[in-house]
Amino acid sequence: MRIGLYGGTFSPPHNGHIRAARLFLREARLDKLYIMPAGIPPHKKADAWGDGDSRLEMAALAFGEFSEISDYEIRKSGRSYTVETLRYLKEKHPEDELFMLVGEDMFLSLDTWKAPEEIMKLCKIVTMRREATPQCVMEAAAEDYRRRYGACVKVLEAEPLRASSTDIREKIAKGESVSEFLPSNVAEYICVNGLYRNDC
Ligand code: ATP
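Residues numbered from 1 in each chain as written. Predicted model: local features only at pLDDT ≥ 70, side-chain atom pairs only at ≥ 80, totals over all residues. Heavy atoms only, no water.

S.K.: Just checking my understanding: could you explain the side chain of Thr85 for this structure?
M.R.: Topologically, Thr85 is positioned in helix α4 (residues 82-92). For Thr85, a relative accessible area of 0% puts it in the buried group. In contact with Thr85, other than residues within four places in its own chain, are Leu5, Met36, Tyr72 and Glu73. (Helix = DSSP H or I, 4+ residues; strand = E, 2+ residues; numbered from the N terminus. Buried < 20%, exposed > 50% of the residue type's maximum accessible area, 1.4 Å probe, protein only. Contact = heavy atoms within 4.5 Å.)

As structure tokens, then:
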């Protein structure tokens, strides 16, 4: 089987994430996709975060139709390092091939993550642009990882869909509309639960 991993803060999950996950499923011809909301990501400030349970619930609304939402990183104590999550998935699926989707920003800094060599041994990397970075810059980084780590990397040729959770949280705090960036069930969840508002 071809097993995919797509991790992130998902605070909240937005249309850019959903489009990326659907492309990943199709382009990597996955049999199963795990969506992995992060516990305490090593590279992010804790104060910008929604709590784990809300993020799991929003992930279920956004991706539940076509993937399995894993609470592994959120339930695990301590920081969540991708290499540990990949070891866990490899143990769970010893005979299967692992693929991991990372967006442009994460991809370009992959060699600064904990144990990049092991990460790139454990899984094949799939990436796509999300900002103005040209495709050739992504391809150059892919080539560099192939050379340095023997990585197997595929850069998807999809036009980026601009959306960012930070922008969405900031807009909600200012009372601006974010409906164009979110699926309606996630927008409703945020509204009903009063998430990301300044007054709560
Ligand atoms: P934040 O603004 O809080 O940092 P984010 O919008 O970057 O959040 P994350 O949850 O950190 O979202 O992203 C999870 C993964 O999805 C990362 O690999 C990121 O690069 C990727 N990603 C985020 N937004 C997009 C997008 N619009 N298109 C493609 N990939 C994306």
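S.K.: I tried to follow unusual backbone geometry on my own but got confused; where do I start?
M.R.: As a rule of thumb, non-glycine residues mostly have phi less than zero, and peptide bonds are mostly trans rather than cis. The peptide bond linking Ser11 to Pro12 adopts the cis configuration, its omega dihedral lying at 0°. Checked against the element boundaries, Pro12 lands in the loop between β1 (2-8) and α1 (15-27). The residue Phe10 is not glycine, and still its phi comes out positive at about 50°. Among the structural elements, Phe10 can be located in the loop between β1 and α1. Located in the positive-phi region is Tyr196, a residue other than glycine, with phi close to 65°. Checked against the element boundaries, Tyr196 lands in the segment after α9 (184-192).

S.K.: Quick question: what am I supposed to make of the environment of Gly64 here?
M.R.: Turning to its location among the elements, Gly64 is positioned in the loop between α2 (52-63) and β3 (68-69). Sequence separation between Gly64 and Ile35 is 29 residues, and the spatial gap between their C-alpha atoms is 8.9 Å.

S.K.: Quick question: what am I supposed to make of the pattern of salt bridges here?
M.R.: When the charged atoms of two side chains with opposite charge come close together, those side chains can pair. Taken as a whole and assessed by the stated rule, the structure comprises 21 salt bridges. The salt bridge involving Asp71 is made with Arg75; its shortest N-O contact spans 3.4 Å. Of the charged contacts, one joins Lys76 and Glu84 as a salt bridge, the two residues approaching to 2.8 Å between their closest N and O atoms. Here the residues in one salt-bridge network are Asp105, Arg130, Glu131 and Arg162, joined through shared partners. (Salt bridge = Lys/Arg side-chain N within 4 Å of Asp/Glu carboxyl O.)

S.K.: Got a minute to help me understand the environment of Cys136 in this structure?
M.R.: Within the secondary structure layout, Cys136 lies in helix α7 (residues 135-149). In this structure Cys136 comes out as exposed when scored by relative accessible area, which is 55%. Along the sequence, Cys136 and Leu156 sit 20 residues apart, while their C-alpha atoms lie 12 Å from each other.

S.K.: Please explain the packing of aromatic side chains as it appears in this structure.
M.R.: We describe a pair of aromatic rings using the distance from one ring centre to the other and the angle between the two ring planes. In this structure the tally under the stated criterion is seven aromatic pairs. The interplanar angle of 85° and the centroid separation of 5.2 Å between the aromatic rings of Phe107 and Tyr145 together place this pair among those described as edge-to-face. Placement of Phe107 in helix α5 (residues 104-108) and of Tyr145 in helix α7 is noted, with a sequence separation of 38 residues between them. Neither residue differs from the other here; Phe107 and Tyr145 are each classed as buried. Feature note: the residues Tyr6, Phe10, Phe63 and Phe66 constitute an aromatic cluster, connected by ring pairs. (Phe/Tyr/Trp six-rings, centres within 6.5 Å; stacked < 30°, edge-to-face > 60°.)

S.K.: What am I meant to see in α7 here?
M.R.: In an α-helix, one turn spans 3.6 residues; hence positions three or four apart end up facing the same way. Counted at 1.5 Å a residue, the expected span for α7 with its 15 residues is 21 Å, and the 21 Å between its end C-alpha atoms agrees. Within the span of α7, buried status applies to Gln135, Met138, Ala141, Ala142, Tyr145 and Tyr149. Looking straight down α7, one finds that the buried residues subtend no more than 125° of arc, so they occupy a single side. What points out from α7, more than 90 degrees from its buried face, is the exposed set Cys136 and Arg147. Those residues of α7 hidden inside the fold are in contact with α5, α6 (116-122), β5 (124-128) and β6 (153-155). In the segment just after α7, Gly150 is the residue with positive phi, at about 65°. (Expected span 1.5 Å × (residues − 1). Arc of directions from axis to C-beta.)

S.K.: Which parts of the structure should I look at to understand the nonpolar core?
M.R.: Proteins that are soluble and globular tend to have nonpolar side chains buried together. Tyr6, Phe24, Leu33, Phe63 and Ile190 are the most contacted members of the largest nonpolar core, which has 33 residues in total. Elements with a contribution of two residues or more to this core: α1, β2 (32-37), α2, β4 (97-103), β5, α8 (165-173) and α9. When sequence neighbours within four positions are dropped, the list of residues in contact with Leu33 reads Gly4, Leu5, Tyr6, Ala21, Phe24, Leu25, Phe66, Ser67 and Glu68. Core analysis: the second largest hydrophobic core is formed by 27 residues, Val102, Leu110, Met120 and Leu122 among them. (Core = buried A, V, L, I, M, F, W, Y, C linked by side-chain atoms within 4.5 Å.)

Keep in mind that these numbers describe shape and distance, not what the molecule does.
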